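Notes for the structure review
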Amino acid sequence: MSPPGTVAPVRWTIARRPLGAHMSIAGGFERAVERGAAIGCTAIQIFTKSSNQWAARPLSEGEVAGFREALARSEIGHVVAHDSYLINLCSPDEALWVKSVDACALELERCARLGVPWLVIHPGGHMGHGEEFGIRRMAEAIDLIHAKVPAERGAGLAIETTAGQGTVIGHRFEQIGGVIARVRDSGRIGACLDTCHVFAAGYDLRTPAAYDETLRRFDGEIGLERLRAVHVNDSKKDLGCRVDRHEHIGKGFLGIEAFRHLMNDARLADRPLVLETPKEEDGRDDVRNLEVLMGLVTDRRPSRPTSG
């Protein structure tokens, strides 16, 4: 029997479908693994530090070992990290830009120590200086980050698609492609597709034709081979709203069919699919959303293990 107040784990392990959710690191990095494992995740996303603070306490050898050992004991085979919300790699303010570069490099180094291969980063805002400025500024920032954290460290940056709020770039695939084209060591750059963000930015996913067209455009401007993770979120707002508001799967304007296309897309079979939907402390919302997603897979459905 599961302890009172906990959620019995569900096995989401389906060949080709690494699936899970963002997990809190409160209490230690290994707790994020334990939380994910408790609900049957085979993929998780974490922060490497507080997402709303610049400062970060140095990682101890014990923290690193504890995280790696917890992963080795679990069925979680894919981990990505997400950067701080304070970072703006497009900022025209020199002091903030330098601070952002240093902070992002620190997080990338923390990923390397933890054995997390990809740090998902938000494109920043150009603050009225124009799209081309933002693209160039971000590419310059990435070059500096790469210089601080060499490729041999084993961690890379994955640029996330955005909804297009304010002056933030990344809501058009060609903007992300433009950043990549300007980075000296572009082979180190990946991408992260957020279903809510691309929908809010005007890319439809709801019909087979619309989904295929959006993925075709992503492939043409960025390249599906660069896709390292998918943030799986419904949207509280309608197509093209350019407002970032996540909703539970099937409860928003994207609707259930968009996620049926995603869950059965063989091209994305080995990409980690990670929820960033609203959640309760006990993980029940994550379980409900994961159950919905797995129910959309045409070849096999999840099973809840019998209690012992």
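In what follows, the accompanying structure is described. (Residues numbered from 1 in each chain as written. Predicted model: local features only at pLDDT ≥ 70, side-chain atom pairs only at ≥ 80, totals over all residues. Heavy atoms only, no water.)

Right, let's talk about the environment of Ala139 for a bit. By secondary structure assignment, the location of Ala139 is in helix 4 (residues 131-148). Setting aside residues no more than four positions away along its own chain, Ala139 makes contact with Val179, Arg182 and Val183. (Helix = DSSP H or I, 4+ residues; strand = E, 2+ residues; numbered from the N terminus. Contact = heavy atoms within 4.5 Å.)

Attention shifts here to the sheet that holds strand 4 (residues 118-121). Backbone hydrogen bonds hold the strands of a sheet together, and the pairing may be parallel or antiparallel. A barrel is described by the order of its strands in space; here 8 strands give the closed sequence 1-2-3-4-5-6-7-10, paired in parallel fashion. Averaged over neighbouring strand pairs, the angle between their axes works out to 30 degrees when direction is ignored. Sheet analysis places strand 2 (residues 43-47) next to strand 3 (residues 78-82), joined by 5 bridges and oriented parallel. Looking at the pairing, Ile44 lines up with Val79 of strand 3. Strands strand 3, strand 4 and strand 5 (156-160) of the sheet are contacted by helix 3 (residues 94-114), whose axis makes an angle of about 150 degrees with strand 4. (Pairing = 2+ DSSP bridges. Axes fitted to C-alpha atoms, helices over the stretch in contact; angles between N-to-C directions.)

Once that is clear, we can look at the packing of helix 1 (residues 29-38) against helix 2 (residues 61-73). When two helices pack together, their arrangement is given by the angle between the helix axes and the distance between those axes. Their axes nearest at 7 Å, the elements helix 1 and helix 2 cross at an angle of 15 degrees. If you check the angle between helix 1 and helix 2, you find them roughly parallel. Helix-helix and strand crossings are classified by hand; for helix 1 and helix 2 the assignment is left-handed. Here Phe29, Glu30 and Val33 of helix 1 lie close against helix 2, whose contacting residues are Glu63, Gly66, Phe67, Ala70 and Leu71. Split by residue class, the contact of helix 1 with helix 2 holds 5 nonpolar, 1 polar and 2 charged. (Parallel < 35°, antiparallel > 145°, perpendicular 65-115°, else oblique. Left-handed = near helix turned anticlockwise from the far one by under 90°. Nonpolar A, V, L, I, M, F, W, Y, C, P; charged D, E, K, R; others polar.)

This part is about the layout of surface pockets. The space that makes up the second largest pocket amounts to roughly 340 Å³. Every residue lining the second largest pocket is counted, 17 residues in all, and those nearest its centre are His122, Pro123, Thr162, Gln165 and Val168. Here the residues of the lining of the second largest pocket sort into 5 nonpolar, 10 polar and 2 charged. (1 Å grid on protein atoms, 1.4 Å probe; cavity = no way out; pocket = protein on both sides within 12 Å on 5 of 7 lines; lining within 4 Å. Points joined across faces, edges and corners; volume = space filled by probe spheres on them.)

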